[in-house]
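Examination of the molecular architecture
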Amino acid sequence: MNKNKFPLILLIILLAGAAVLAYFLLMKPAEKTKGTETLEVERVTYSAPAQEDIELGENYPFDDGLGKPDSVRQFELDEFGTGIASIEVFIQDINNDSTMDKITRTRFENGTAHFYYDYKIELNLDGELTDITPNGFRTVEGADCSLQKLRFTFRPSFQVVKIGREWEDSWITPTVATKTVYNLEGDSLRIARTQALKKICDVRELF
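These figures come from a predicted structure and were not determined experimentally. Once a new chain begins, its residue numbering starts again from 1 and follows that chain's sequence as written. The predicted origin of the model limits local features to residues at a pLDDT of at least 70 and limits the giving and counting of side-chain atom pairs to 80 or more, whereas totals for whole chains, interfaces and linings rest on all residues. Values shown for side chains rest on all heavy atoms present in the structure; no hydrogens or waters enter the calculation.

Right, let's talk about the overall build of the chain for a bit. Runs of H or I in DSSP of at least four residues are treated as helices and runs of E of at least two as strands, each being numbered from the N terminus. Broken down by element type, the chain carries two helices and 10 strands. Sequence-ordered secondary structure for the chain, helices as α and strands as β, is α-α-β-β-β-β-β-β-β-β-β-β. Burial analysis of the chain (207 residues in total) assigns 31% to the buried set. Of the contacts made within the chain by residues no fewer than 6 positions apart, 41% connect residues no fewer than 24 positions apart. Of the roughly 13,300 Å² of accessible surface on the chain, a fraction of 55% belongs to carbon and sulfur atoms. When a residue's accessible area, from a 1.4 Å probe over protein chains only, is under 20% of the maximum for its type it is buried; when over 50% it is exposed; and in between it is partly exposed. Working rule for contacts: check all heavy atoms of both residues, and any pair within 4.5 Å makes them a contact. Every accessible area reported is derived by Shrake-Rupley at a probe size of 1.4 Å, with residue values counting cover from the shown protein chains alone.

This next bit is on the nonpolar core. In terms of nonpolar packing, the biggest core is built from 19 residues, with Ile103, Ile121, Phe152, Phe158 and Leu189 touching the most fellow members. When residues of this core are traced back to their parent elements, those giving at least two are β4 (115–125), β7 (146–153) and β9 (175–185). Residue contributions to this core peak at five residues, all from β4. If we skip the residues at most four places from it in the chain, isoleucine 103 touches Leu66, Glu88, Val89, Phe90, Ile94, Lys120, Ile121, Phe152, Phe154 and Phe158. Put simply, buried Ala, Val, Leu, Ile, Met, Phe, Trp, Tyr and Cys residues joined by side-chain atoms within 4.5 Å make one nonpolar core. Counting residues in hydrophobic clusters, the runner-up holds six residues, among them Ala177, Val181, Ile200 and Val203.

Summarising the element assignment, isoleucine 163 is placed in strand β8 (residues 159–165). Beyond its immediate stretch of four places on either side in the chain, isoleucine 163 contacts Leu147, Gln148, Lys149, Ala177, Thr178, Lys179, Leu197, Val203, Leu206 and Phe207.

Two strands pair if DSSP finds at least two bridges between them. When β4 meets strand β5 (residues 128–131), the two strands line up antiparallel, connected through four bridges. Opposite glutamate 122, over in β5, you have aspartate 131 as the bridge partner. Counted along the chain from β4 to the antiparallel partner β5, the turn is two residues long, and its residue aspartate 126 has a positive phi close to 55 degrees.

Along the chain, the position of aspartate 187 falls in the loop between β9 and β10 (188–200). In this structure the C-alpha to C-alpha distance between aspartate 187 and leucine 123, which are 64 residues apart in sequence, comes to 7.6 Å.

With 71% of its residues at a pLDDT of at least 70, the chain reaches an overall mean of 81. The pLDDT value tells you how sure the predictor is about a given residue, anywhere from 0 up to 100. Low pLDDT (under 50) marks residues 25–60, which in the prediction has 35 contacts with non-local residues, meaning those over four places away or in another chain.

As paired strands, strand β3 (residues 101–110) and β4 are joined by eight bridges and run antiparallel to one another. In the strand pairing of β4, threonine 104 is matched with lysine 120. Connecting β3 to the antiparallel partner β4 that follows it, the hairpin turn spans four residues, and glycine 111 within it adopts a positive phi of roughly 85 degrees.

Pairs of aromatic rings are described using the distance from one ring centre to the other and the angle between the two planes. Here a Phe, Tyr or Trp ring, Trp counted by its six-membered ring, pairs with any other such ring whose centre lies within 6.5 Å, and the pair is stacked when the planes are under 30 degrees apart, edge-to-face when over 60, and tilted otherwise. Following the criterion strictly, the structure yields seven aromatic pairs and no others. For the pair phenylalanine 108 and tyrosine 116, a centre-to-centre distance of 4.9 Å together with 10 degrees between the ring planes defines the contact as stacked. With a relative accessible area of 24%, phenylalanine 108 lands in the partly exposed category. Judged by relative accessible area, which is 24%, tyrosine 116 ranks as partly exposed. Plain terms: the ring middles of phenylalanine 154 and phenylalanine 158 are 5.4 Å apart, the flat faces sit at 45 degrees to each other, and that makes the pair tilted. Judged by relative accessible area, phenylalanine 154 falls into the buried class, the value being 11%. Classification of phenylalanine 158 as buried rests on a relative accessible area of 2%. Members of the aromatic cluster, each reached through a chain of ring pairs, are Tyr119, Phe152, Phe154 and Phe158. Any Lys NZ or Arg CZ that is within 6 Å of a ring centre and within 35 degrees of that ring's normal is treated as a charge sitting over the ring. Between arginine 105 and the ring centre of tyrosine 117, over which it is positioned, the NZ or CZ distance is 5.5 Å.

Dropping the structure here:
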């Protein structure tokens, strides 16, 4: 071999090796980034399911104003289809004091088409959760009509509207509904006003 060609061949080999090394170094970060994005999508899908995906019956296409829960736990019912079906937790600053408070919505099944949601409202006072839930903060759900519902609003201030009616003769017999508005006063949720509404079967129509 011509001694003059040897340095040229060696240079070509070195350049080729450098090109291969650079290729692998550039490819690895790209693969790592792709893997991280996939993991993030899986994490979000698991920890924050959309609210419409966790509704457990056709009789609850109603927006109670709480939005998407921060955590969801679902439970198996007993052999009769009764018990707690789900517990959803919502973290909100209810009283605008820059600390997070807590609202819990629990679904109870009784083995029929009738079920109900129970609400619990807790204020974070000096680092401890204090239950301020008024009596009767639950829904009354029939197969064809809802007899009591609640809706929460957070702006400009925290307020809860409850509309309910008495059962009479049957679930679908209309009765006069009553609207009750609750406002947050200090550390208590108090009735601001009540109002008699019309006779109706499904109180959802009055919101």
